[in-house]
Amino acid sequence: MSALPSFELRAGVAFPDWTAVTSPASADALAAILSAFDLAKNWSGYDDEEDCVRQAAIEGLAELDSAPNTAWIAVRTGLDEDRVSALLGRLATRDLVVRDGGSSAIVGAYPLTTMSTEHRVGLDGKVTHAMCAVDALGIGAMFDADVVIKSSCRACGGSIRIATKDRGVALDCVEPGTTVVWSGNQYDGACAATSLCTVIPFFCSEAHLEDWWRTNRSGSEGYRLTPDEAMQIGRALFAPVLTRAGGAVGRLA
Ligand SMILES: [Zn+2]
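About the criteria used
- Residues numbered from 1 in each chain as written.
- Predicted model: local features only at pLDDT ≥ 70, side-chain atom pairs only at ≥ 80, totals over all residues.
- Heavy atoms only, no water.
- Domains from an automatic or database assignment.
- Contact = heavy atoms within 4.5 Å.
- Buried area = accessible area lost by both parts, 1.4 Å probe.
- Donors = N, O, S within 2.8 Å, 3.2 Å for Na, K, Ca; no water.
- Tetrahedral: all angles 85-135°; square planar, octahedral: opposite > 155°, others 65-115°.
- Helix = DSSP H or I, 4+ residues; strand = E, 2+ residues; numbered from the N terminus.
- Buried < 20%, exposed > 50% of the residue type's maximum accessible area, 1.4 Å probe, protein only.
- Pairing = 2+ DSSP bridges.
- Axes fitted to C-alpha atoms, helices over the stretch in contact; angles between N-to-C directions.
- Parallel < 35°, antiparallel > 145°, perpendicular 65-115°, else oblique.
- Nonpolar A, V, L, I, M, F, W, Y, C, P; charged D, E, K, R; others polar.
- Core = buried A, V, L, I, M, F, W, Y, C linked by side-chain atoms within 4.5 Å.

Any chance you could explain the domain arrangement of the protein chain here in plain terms?
Where the parts come together, the accessible area they lose is often given as the size of the interface. Domain annotation for the protein chain reports domain 1 (22–37 + 113–238) and domain 2 (43–110). For domain 1 versus domain 2, the separation of C-alpha centres amounts to 24 Å. With 18 residues of domain 1 in contact, the opposing surface of domain 2 contributes 13 residues. Its largest share of buried area at the contact with domain 2, domain 1 owes to Thr 114, Lys 126 and Met 131, together 37% of the area lost on that side.

It is not clear to me how the coordination of the zinc ion should be interpreted in this structure. Could you clarify?
A four-donor tetrahedral metal ideally has 109.5 degree angles, and a six-donor octahedral metal ideally has angles of 90 or 180 degrees. Those donors, Cys 153 (SG), Cys 156 (SG), Cys 204 (SG) and His 208 (ND1), are the protein atoms that reach the zinc ion, and they lie 2.1 to 2.3 Å from it. The site at the zinc ion holds four donor atoms, and with the angles between them running 93 to 123 degrees, its shape is tetrahedral. Binding-site remark: the zinc ion is held by donors from one chain whose sequence spacing is C-x2-C-x47-C-x3-H. Residue Cys 153 is located in the loop between β8 (148–152) and β9 (159–165), and its partner His 208 is located in helix α7 (residues 206–216); the two are separated by 55 residues in the primary sequence. Residue Cys 153 is classed as buried on the basis of its relative accessible area, which comes to 2%.

What exactly am I supposed to notice about the sheet that holds strand β7 (residues 126–130) here?
Within a sheet, adjacent strands bond to each other through the backbone by hydrogen bonds, running parallel or antiparallel. Overall, antiparallel pairing links the eight strands, which are arranged β3-β4-β5-β7-β6-β8-β9-β10 in an open sheet. For this open sheet the edge positions go to β3 (97–99) and β10 (170–175), each flanked by a neighbour on one side alone. In the sheet, strand β6 (residues 120–123) pairs with β7 via four bridges, with the strands oriented antiparallel. Its bridge partner lying in β7, Val 121 is registered against Thr 128. The strands touched by helix α8 (residues 227–238) are β9 and β10; relative to β10, the strand with the most contacts, the crossing angle is about 135 degrees.

Quick question: what am I supposed to make of the packing of helix α4 (residues 70–77) against helix α5 (residues 81–93) here?
Helices that pack against each other are described as a pair by the angle of their axes relative to one another and the distance between those axes. One can describe the packing of α4 onto α5 by two numbers: an axis separation of 9 Å at closest approach and a directional angle of 105 degrees. It follows that α4 is roughly perpendicular to α5 by the angle criterion. The segment α4 lies against α5, with Thr 70, Ala 71, Ile 73, Ala 74 and Thr 77 engaging Glu 81, Val 84, Ser 85 and Leu 88. Looking at the contact of α4 with α5 residue by residue, the classes come out as five nonpolar, three polar and one charged.

Explanation requested: the nonpolar core in the structure shown.
Soluble, globular proteins show a tendency: their nonpolar side chains are buried together. Tyr 110 and Phe 143 are the most contacted members of the largest nonpolar core, which has 79 residues in total. Considering each element in turn, this core owes the most residues, seven residues, to helix α6 (residues 133–143). For this core, the domains that each give at least three residues are domain 1 (22–37 + 113–238) and domain 2 (43–110).

Even after reading the chapter, I still don't get the packing of helix α3 (residues 48–63) against α5, so can you show me in this structure?
Packing of α3 against α5 brings their axes to within 9 Å, and their N-to-C directions diverge by 90 degrees. Taken together, α3 and α5 sit at an angle that is classed as roughly perpendicular. Taking contact as the criterion, the partners of Glu 49, Glu 50, Val 53 and Arg 54 in α3 are, on α5, Arg 83, Leu 87, Leu 88, Arg 90 and Leu 91. Each residue belonging to the contact of α3 with α5 can be placed in one class, and the counts come to four nonpolar, no polar and five charged.

This is the structure in structure tokens:
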């Protein structure tokens, strides 16, 4: 592989973490996701204050019963509220934070969201929602903690349960064992939450993925991934997000 797209998120922390990606299918699917986001454009000028506000937004979504507001993020980051508000605007433009169109309230910061997606993730005794299957599989590595994902087959609605081990970086159990992930290509309206994320679901079997694809996505491109391959992408995208400069991984307060 050559010229893998990469960006220094903060000192000594590369995004994405390509070392997590060992499967060729995962590498191809991750490259496709990154090309949808236009890494160079979206990340140009990304600075330490934006980074702190993004981390606080994600931590707030994990810690609170509702999305964090500007005042909460101001306390967490030590920045004043006007500055936080401006930085949230920049993060929304970069599609790193998702806000309600009317109220501007935060409704998500990848990989977490307050929206009722089909991907429920149990973390430290709380349940949160993930934007998509890949995001769900990256949350454990991001928080350096094991998670239990409860989702459903996009085709039949059958339940899917995945538990992680080794502080979120490996699969402990996947039920049913035939579960697969589809990583589709779609990016509209400068918002992955309402486009790309909707075409990265779990399926209970390859047969149900094929049924769904023929009915809903016929002709569209994408990648069929095992849960482990999808986890490699989730780790690559999200493990760096809360890693402090110098390498220590952030933990929940
Ligand atoms: Zn199914």
